Amino acid sequence: MGRLEGKIAIVTGAGSGIGRASAALFAAEGAKVVAVDLSTDGLQETAEIIEKAGNTCQTISADISSADAVEEMVSSTVSSLGGLDIVYANAGISGGAVPLLEQDVDLWQKVLAVNLIGPFLAIKYATPHMLKQGKGSIICTASVAGLRANAGGAAYSASKAGVISLVQNAANQFFGSGIRFNAICPGLIETGMTQPIFDGARSRGREDRIGQLNPTGRYGNPIEIANAALFLASDEASYVNGQALPVDGGLSSTLPFVPKKP
Ligand code: NAP
């Protein structure tokens, strides 16, 4: 029996990277999955991957920073599948590598709208359904950038720090409700968002340098974040609530250091 057998799950940002890997893993573990993204092409590719593995998913093209769209995403899932057990609010944007003093209000509003208000809306509209069931798991993708500086632009980092605070606040507001709210803080993962970093390093023949700053000594893959999301989504994490889990090869555990040459 799959670890999510019989559960109904929404995964956002499922047209690429971490969301795609998570949607595929959740479906493989028995969940009825609704994959959500802006991009219909990306969603179609995700659906094909899931079908090739012998599973199915529904797809919804929606902007997760729009309150109306998120309300509709949740209500259509509940009415078509009969409930909602898991939401993985994962969609995000980087906002680019713009120096702080060159960032403007538009950039901050855009980054906060997708990365922080998006997860807030997922919680706002999913929680009432889960309260009726007396159980549920809501997971949001934060980042190591929400824990420390230098892993993204200032707006991105602030948005991810906000996500960590959001799950802590939600866990405490819905005290004793049976709903768990947690965040994952990925380190450097190869996805659409980070492709320019990987392409740049490879074109200079420096792939071995990517991810060298963490004690595991390498970059991560989307499935390694999906595995953490699967744990938090499943009943195995029944006593994990209000936490921000770094999945970063140990990056956030250290002060800056120069690795010794072997
Ligand atoms: P990705 O491959 O770019 O996937 C992100 C997906 O989110 C894309 O398919 C994107 O669609 C979608 N999206 C963006 N804005 C949206 C919106 N308003 N509504 C609906 N969907 C939207 O990047 P990823 O690395 O998997 O990112 C997933 C999450 O992990 C993000 O929250 C990111 O901040 C976080 N994260 C990533 C890393 C990393 O190293 N990759 C590290 C820490 C945290 P379009 O492509 O159509 O815009």
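As the structure is a computational prediction, the values presented were derived from the model and not from experiment.

Each value, and the rule that gives it
Residues numbered from 1 in each chain as written. Predicted model: local features only at pLDDT ≥ 70, side-chain atom pairs only at ≥ 80, totals over all residues. Heavy atoms only, no water. Core = buried A, V, L, I, M, F, W, Y, C linked by side-chain atoms within 4.5 Å. Buried < 20%, exposed > 50% of the residue type's maximum accessible area, 1.4 Å probe, protein only. Helix = DSSP H or I, 4+ residues; strand = E, 2+ residues; numbered from the N terminus. Contact = heavy atoms within 4.5 Å. Near = heavy atom within 4 Å. Polar contact = N/O pair within 3.5 Å; in protein donor to acceptor, adjacent residues only side chain to side chain. Areas by Shrake-Rupley, 256 points an atom, 1.4 Å probe, with all protein chains shown as cover. Nonpolar A, V, L, I, M, F, W, Y, C, P; charged D, E, K, R; others polar.

For the rest of this paragraph, the subject is the nonpolar core. Formed by 35 residues in total, the largest nonpolar core has its most connected members in I10, V36, M73, L84, V87, I138 and F181. When residues in this core are grouped by element, the largest group, 7 residues, is from helix α4 (residues 105-133). Not counting residues within four places of it along the chain, the set of residues in contact with V87 comprises I10, A122, A126, M130, S137, I138 and I139. If you look at the next biggest cluster of nonpolar residues, it comprises 30 residues, including A21, A35, A229 and A237.

What follows concerns the site of the ligand. In the neighbourhood of the ligand, 29 residues make up the surrounding shell, with S16, D37, N90, Y156 and T191 lying closest. A distance of 3.4 Å separates a nitrogen atom of the ligand from a polar atom in the backbone of A62. Contact between the ligand and M193: an oxygen atom at 3.4 Å from a main-chain N or O atom of the residue. Protein contact buries 87% of the 890 Å² of open area that the ligand shows by itself. When residues of the shell around the ligand are traced back to their parent elements, those giving at least two are α1 (17-28) and α5 (154-173). Here the residues of the shell around the ligand are counted per class, giving 13 nonpolar, 13 polar and 3 charged.

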